[in-house]
Every structure is written in C-alpha cells, then in structure tokens.
Amino acid sequence: MRARKPAHLPPTSPPMPHLTSLIGFALVSLGLVLTPGPNMIYLISRSITQGPAAGIVSLGGVALGFVFYML
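Let us look at the structure shown here. (Residues numbered from 1 in each chain as written. Predicted model: local features only at pLDDT ≥ 70, side-chain atom pairs only at ≥ 80, totals over all residues. Heavy atoms only, no water.)

Digging into the environment of Y69
Definition in use: Helix and strand definitions follow DSSP, with helices as H or I runs of at least four residues and strands as E runs of at least two, each counted in order from the N terminus. Burial status follows relative accessibility: with a 1.4 Å probe on protein chains alone, a residue under 20% of its type maximum counts as buried, one over 50% as exposed, and anything between as partly exposed.
Here Y69 lies in helix α3 (residues 52-70). Given the relative accessible area of 63%, Y69 is considered exposed. When the C-alpha positions of Y69 and S29 are compared, they lie 8.8 Å apart, and in sequence the two are 40 residues distant.

Regarding the side chain of S58
Operational definition: What qualifies as a polar contact is a pair of N or O atoms within 3.5 Å, subject to a donor-acceptor requirement within protein and to the restriction that residues adjacent in sequence count only when both atoms come from side chains.
You can see S58 is positioned in helix α3. What makes S58 buried here is its relative accessible area of 4%. For S58, the side chain forms a polar contact with the main-chain oxygen of A54, separated by 2.8 Å.

Details of the packing of helix α1 (residues 19-34) against α3
Basically, it comes down to this: Comment: axis = line fitted to C-alpha atoms, over the contacting stretch for helices; angle = value between 0 and 180 degrees taken between N-to-C directions. Left-handed is the label given to a crossing in which the near helix is rotated counterclockwise from the far helix by less than a right angle, and right-handed is the label when the rotation is clockwise. Should any heavy atoms of two residues lie within 4.5 Å, those residues are counted as being in contact. Classification used: nonpolar for Ala, Val, Leu, Ile, Met, Phe, Trp, Tyr, Cys and Pro, charged for Asp, Glu, Lys and Arg, polar for all others including Gly.
The N-to-C vectors of α1 and α3 enclose an angle of 145°; their axes lie 11 Å apart at closest approach. Like other packed secondary-structure pairs, α1 and α3 cross with a definite hand, here right-handed. In contact with F25, S29, L32 and V33 of α1, α3 contributes F66, Y69 and M70. Class assignment for the residues of the contact of α1 with α3 results in six nonpolar, one polar and no charged.

Okay, here's the thing in structure tokens:
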C-alpha cells in the first residue's frame, strides 16, 4: 500500500530564495543601474538631440533591457 499525504496539509510550493540572496541580487541590480555606461550616453544624446519625450521613450527601452538582465 502507498502512503498518502494527509488531506489537511497544503500543497508544496517552490522554495523561496533566502533573504541574503535577495539582498545580494538587489545590490548587484542597483550597481548595474547606477554605473554610467553606453546606456547613459545613449539616453543623454537622445534627450539633447530629440527632446525629453524621446529621452523618456529611450529610458523605457533601457529599463526593459535591465529587466532581461535581471531575469
């Protein structure tokens, strides 16, 4: 006979990362965002040459790129 789980136990869920892992991830992500690089040159040049609206659109694209880095 198979052993069955008691009905009152909740289903198992994937384990959560430890708090230290989350803090480390947040610090690395913050460093990625704050360090100047080609993305800053891109944002500044677009904002100066094409105006604030183009800078905001470019910022959205750079932020989306950071999301892929984080994933």
